[in-house]
Structures are given as C-alpha cells and as structure tokens.
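Here is what each chain is made of, one letter per residue.
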Amino acid sequence: MTQPTANERLHGIDSKSAGWTTTWSSDHDLLFSRGGHLFGTKAALFKLSVSLLCIDVLQQDVSKTPLYLRRHKDRGSEIVKPSEHPLANLLKNGPNEYMGAKEFIRQMTAHLAISSEYFVPVRRDQRGTLIEFAGVPKSQVSVNVNPEERLWVYDINPSSLHEQALYGWAKGRRDHKECSHIRKRSMNGLSVQSTHAITEQSRVIIENMQDYQENIFRNGGITSFAINFPEGMTEEQFERLQNSVDLALKKHKETGKPLVFEGAGGNTPTIEKLTMSAADAEFKGSLTAAGLDMARFFRVPPHKIYLLEPVKYDNMDPSERVYVDDTLRDYFETIIEGLTKVLLTKEERQNYFLWFDIDKAYARNPKERHEITRDRWRNGMLEHNEMREEIGMNPVEGDVGRTRMIAGGFTILDQNNEFVIGATVGKDEDKKSKETKSDSELRVIAGGKAS
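Residues numbered from 1 in each chain as written. Predicted model: local features only at pLDDT ≥ 70, side-chain atom pairs only at ≥ 80, totals over all residues. Heavy atoms only, no water.

Peer 1: Sorry if this is basic, but what is going on with the nonpolar core here?
Peer 2: When a protein is soluble and globular, its nonpolar side chains tend to lie buried together. Counting residues in each nonpolar core, the largest one holds 65 residues, and the members touching the most others are Leu 69, Leu 87, Phe 104, Met 108 and Leu 339. When residues of this core are assigned to their parent elements, the largest contribution, ten residues, is made by helix H11 (residues 316-343). Beyond its immediate stretch of four places on either side in the chain, Leu 339 contacts Leu 67, Phe 104, Met 108, Val 120, Ser 180, Ile 182, Leu 344 and Leu 354. (Core = buried A, V, L, I, M, F, W, Y, C linked by side-chain atoms within 4.5 Å. Buried < 20%, exposed > 50% of the residue type's maximum accessible area, 1.4 Å probe, protein only. Helix = DSSP H or I, 4+ residues; strand = E, 2+ residues; numbered from the N terminus. Contact = heavy atoms within 4.5 Å.)

Peer 1: What am I meant to see in the pattern of salt bridges here?
Peer 2: Pairing between side chains becomes possible if they bear opposite charge and their charged atoms approach one another. Following the criterion strictly, the structure yields 17 salt bridges and no others. For the salt bridge of Arg 174 with Glu 178, the shortest nitrogen-to-oxygen distance reads 3.9 Å. As a salt-bridge pair, Asp 359 and Arg 376 come within 3.5 Å of each other at their nearest N and O atoms. Of this pair, Asp 359 sits in the loop between strand S12 (352-356) and helix H12 (366-378) while Arg 376 sits in helix H12; the two residues are 17 residues apart in sequence, bridging distant segments of the chain. Residues participating in the shared-partner salt-bridge network are Asp 61, Lys 64, Lys 304 and Glu 320. (Salt bridge = Lys/Arg side-chain N within 4 Å of Asp/Glu carboxyl O.)

Peer 1: Would you mind going over the packing of helix H3 (residues 49-63) against H11 with me for this structure?
Peer 2: Describing two packed helices takes the angle between their axes plus the distance from one axis to the other. Contact geometry for H3 and H11: axes closest at 11 Å, N-to-C directions at 70 degrees. The angle between H3 and H11 places the two elements in the roughly perpendicular class. Taken as a pair, H3 and H11 cross one another with a handedness that is right-handed. Where H3 abuts H11, its residues Val 57, Leu 58, Asp 61 and Val 62 lie against Tyr 323, Thr 327, Leu 328, Tyr 331, Phe 332 and Ile 335. When the residues that make up the contact of H3 with H11 are grouped by side-chain class, the tally is eight nonpolar, one polar and one charged. (Axes fitted to C-alpha atoms, helices over the stretch in contact; angles between N-to-C directions. Parallel < 35°, antiparallel > 145°, perpendicular 65-115°, else oblique. Left-handed = near helix turned anticlockwise from the far one by under 90°. Nonpolar A, V, L, I, M, F, W, Y, C, P; charged D, E, K, R; others polar.)

Peer 1: Even after reading the chapter, I still don't get helix H4 (residues 86-93), so can you show me in this structure?
Peer 2: Think of an α-helix as turning once every 3.6 residues; residues three or four places apart then point the same way. Among all positions in H4, only Leu 87, Ala 88, Leu 90 and Leu 91 are buried. Buried residues of H4 fall within an arc of 160 degrees about the axis and therefore sit on the same side. Facing away from the buried surface of H4 by more than 90 degrees, the exposed residues are Lys 92 and Asn 93. Contacts from the buried residues of H4 go to strand S2 (67-72), helix H5 (101-114), strand S5 (130-133), H11 and S12. (Arc of directions from axis to C-beta.)

Peer 1: Sorry if this is basic, but what is going on with the sheet that holds S5 here?
Peer 2: Note on sheets: strands pair through backbone hydrogen bonds, and any given pair is parallel or antiparallel. The three strands are arranged S5-S4-S9 in an open sheet whose pairing can be described as antiparallel. Since the sheet does not close on itself, it has two edges, and those belong to S5 and strand S9 (179-183), each with one partner. Shown here is a sheet whose adjacent strand axes are inclined to one another by a mean of 25 degrees, direction ignored. Strand direction decides the pairing type here: strand S4 (residues 117-124) and S9, joined by five bridges, are antiparallel. (Pairing = 2+ DSSP bridges.)

Peer 1: In this structure, what is going on with the side chain of Thr 327? I would like to understand it.
Peer 2: Position of Thr 327 relative to the elements: it lies in helix H11. Classification of Thr 327 as buried rests on a relative accessible area of 6%.

Peer 1: So what exactly am I meant to see when it comes to the packing of aromatic side chains here?
Peer 2: The description of an aromatic ring pair uses the distance of the two centres, along with the angle that the planes make with each other. For the coordinates displayed, the defined rule picks out five aromatic pairs. Ring plane angle 80 degrees and centroid distance 5.2 Å describe the contact between Phe 104 and Phe 133, whose orientation is recorded as edge-to-face. Taken together, the residues span a long stretch of sequence, with Phe 104 in helix H5 and Phe 133 in strand S5 at a distance of 29 residues. Phe 104 gets classed as buried once you look at its relative accessible area, which sits at 2%. Using a relative accessible area of 2% as the deciding quantity, one classes Phe 133 as buried. Within the aromatic cluster, the residues linked to one another by ring pairs are Phe 119, Trp 152 and Tyr 154. Residue placement shows Arg 70 over the ring face of Trp 355; its charged tip is 4.5 Å from the ring centre. (Phe/Tyr/Trp six-rings, centres within 6.5 Å; stacked < 30°, edge-to-face > 60°. Lys NZ or Arg CZ within 6 Å of the ring centre and 35° of its normal.)

Peer 1: Which parts of the structure should I look at to understand the layout of surface pockets?
Peer 2: The rolling of a water-molecule-sized probe over the atoms marks out the regions of remaining empty space. Computed from the structure, the largest pocket encloses a volume of approximately 1500 Å³. When residues of the lining of the largest pocket are traced back to their parent elements, those giving at least two are H3, S2, strand S3 (77-79), H4, H5, S12, H12 and helix H13 (384-390). Ranked by residues supplied to the lining of the largest pocket, first place goes to H12 with six residues. Classifying every residue of the lining of the largest pocket by side-chain character gives 25 nonpolar, five polar and 13 charged. (1 Å grid on protein atoms, 1.4 Å probe; cavity = no way out; pocket = protein on both sides within 12 Å on 5 of 7 lines; lining within 4 Å. Points joined across faces, edges and corners; volume = space filled by probe spheres on them.)

Written out as structure tokens, the structure reads:
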C-alpha cells in the first residue's frame, strides 16, 4: 500500500482524524462575526469613544502610509511599477475585486489592534501567478496541527453570503504557504493576547463611569437625596410632599426650574445627598486617567484621541516621532513579515521585498516637508518632475522635467575614487602655477577624464 503524499495528508485528512489537533476554534473571545461586522462580545470596545478613537487613529495612520513592492538593485532598490509585477498591481489597485488597497490595510489594522491576529489567504493560477488575496477574521478560521508530520494548517469557513463572495475561493484547508497567520502580541508564536482582554479593567471603569453619568442626566442632573424634617410627618403630609416633589422634579427636567424647599412653623427641612455628584467623584479626572490607560494599551499618544490635558504644544512633535518609531513601525513590520510569506514566493524574495514609505508616516508640517523636498532636489536626489510631484504639482513637459539641480564648486567621486564630475586644474601646469589663481585653468572632469 502506497503512502499518501504530503499534499494528500494536508487536504485529504479531516481535522477529526487521528493525528490532527485543533488548537482553537470559534470561542467566547470572538471579535468579528458574520459578514465582517463589528458586534458580539467585543462590541464593548466600540461603545467607548476613547477605544474607538484609538482604533480609528491606528487604522488611518497605517493605511495612509504607502505600501510598495520594491526590487533589489546592485546599489539600493527601486519601486516596482504595477505593470511589472502582479503583486505591485494588487497593492496599487486592491487585493481583490471588492476591496481597495487602503481598505484592506485598514481592516487588517483594526483586527491587529484589537485581537492581535489576522489571516490572509492567497489565490494563484496554475502557473503560480498571484491572482488575488483577502483578509479573514479569526472567528472564521480554525488552526489544526499534526505534530508527527509537522504540518500546520488553517481551515477557513466563510459563513455569510458576503464572506463567501469575498473569500469563498479560500474555503477549506490551507497550509502556511497559502495562508498567512499574522500575529502581534504573543508569547509562544501561536496563541495571542488580545487588547480587549488586557484592557478589561480600564474598560469596565469607563463603562461604569459612562453608566453613572447617563443615570445622572436621565434624572435631570439631580443626585439621589433625602429630606429630613425635625419632627415626624403624618401620612397625609408625607403624601402631599411626595406629590409636590414629583411635580417639581418633572418641571425641573422639562424647564430647568430649580427645586426650592421651604419650612413651615419654624421647621426647616435639611437635604442630605445619598450619592456623590460628578464633582464630588472627581469625574473628569478619573475619566481622563482611565482614558490615558486605554491610550497606553493601544500605544497611541493622548493628543491623537483628544485627551489634551497632559499634552503641551512643545512636546507634540517628539510624541509624534516616538509614536511612529515605537507603535506604527511595529505594525508596518508585522504586516510586511506576514504578507511576504504568502504574497512572494521563495524565489521572488531574492529580488523583491515589501516596503512601507515611513517618511510619509511622520506628521511633518508643510514648511518642513517643503524644505526637505527642496534640499533633495538641490542636491540632485530628485529630478525636477519628481520634486514637483512631491509638492502636488503637475510635471513639466520635455527634457526640462528630467533635469537635476547639481550645486557647483565641489567634486563627486565614485566608489573607486574616480571623478564623476567636478573641477580641477590643467594637467600640464606645474605645482607652482597651480598655486597661482591667474595661472590655473579649471576644467570639468567626467568619468575620470578632462573634458
């Protein structure tokens, strides 16, 4: 009897068969449910403005940073045009027919920010050419492993009609070459710790504070109180007072008319609060502290989510740089590592690599961006049209647009210490004549030869 091949062992054996173990499936810690919509047990994060803002900020900052396919060259690298490689085309125009490139990055970032993991299956034709790829949430994927065969596979199960249309082609079993498991916060490389789980304490505090605030305003802004009279009241007096208070509270809610209590016969009632007001509870300070905790968990600067109390204008720029270096770079590298595994073959990785344009992630002011572009053009790093493109202007027709600005008065040498362009004195003059300006002759050097 012949032994099954590795491919047969992968696709032909059910996960319930001997040797296969499901490491996890859909459990109570789900984030995204049918159709990719946000609801279920993790909807609590989206009820809180502070956590929703953190997610929005991360989504927009990661997605607005351009992602390119680059090609290695003898010295440095270059961006691959969409017409030159199928992956470059998908990164430009969208990973599939139903989703744009930035939309895909935004969706992936949201999953990584909350649940710390995401799955990306790829589809290729019979020749191995990349056709499309899509993102699949954790709730629609179960991971199976056969330790004896060292096979690690993903069973993808689209449930809704929307999911079937979007990535129905990926339904079934996929190996690690066909599906990338992108993970962020993990201690063992497989199971992850979601942000929702670790922020539970701060989240519960903010939820309780929002409920408390809502109850206060639902009651017209009046906290619970008790009316204390020096002497006892008859039943008739109590009912008359209760009706009067109910009527006064109704007018207070409708018109804002204050409640005024007057005594009679020298007896003045005292009012005792049974619950704390927002001021007594230091509501604002407590809410800010809880909000800062949430921002720290998502690693987002406070001013990004409009918590401006602890922020000064002078430290906003350093905070932006630290945010890019310590938070966004981690997302960039996580996404690149995960996508490279499946979007580029082993052979293609020798010549190509994915690259986020991190310079675009820094929130520089327009004046600083203009100065950087201008300096690069003046030093010959950018052509005239490239410089105009950087500042949002149309290219110039003709050869003028392909010129570079090269400052004079200096010499350029190549790696072999040969002249590329520069100025020197004539070869036939002796040392004495070189020291005399009137006897010297400046010549342009190109390729190591005088011209």
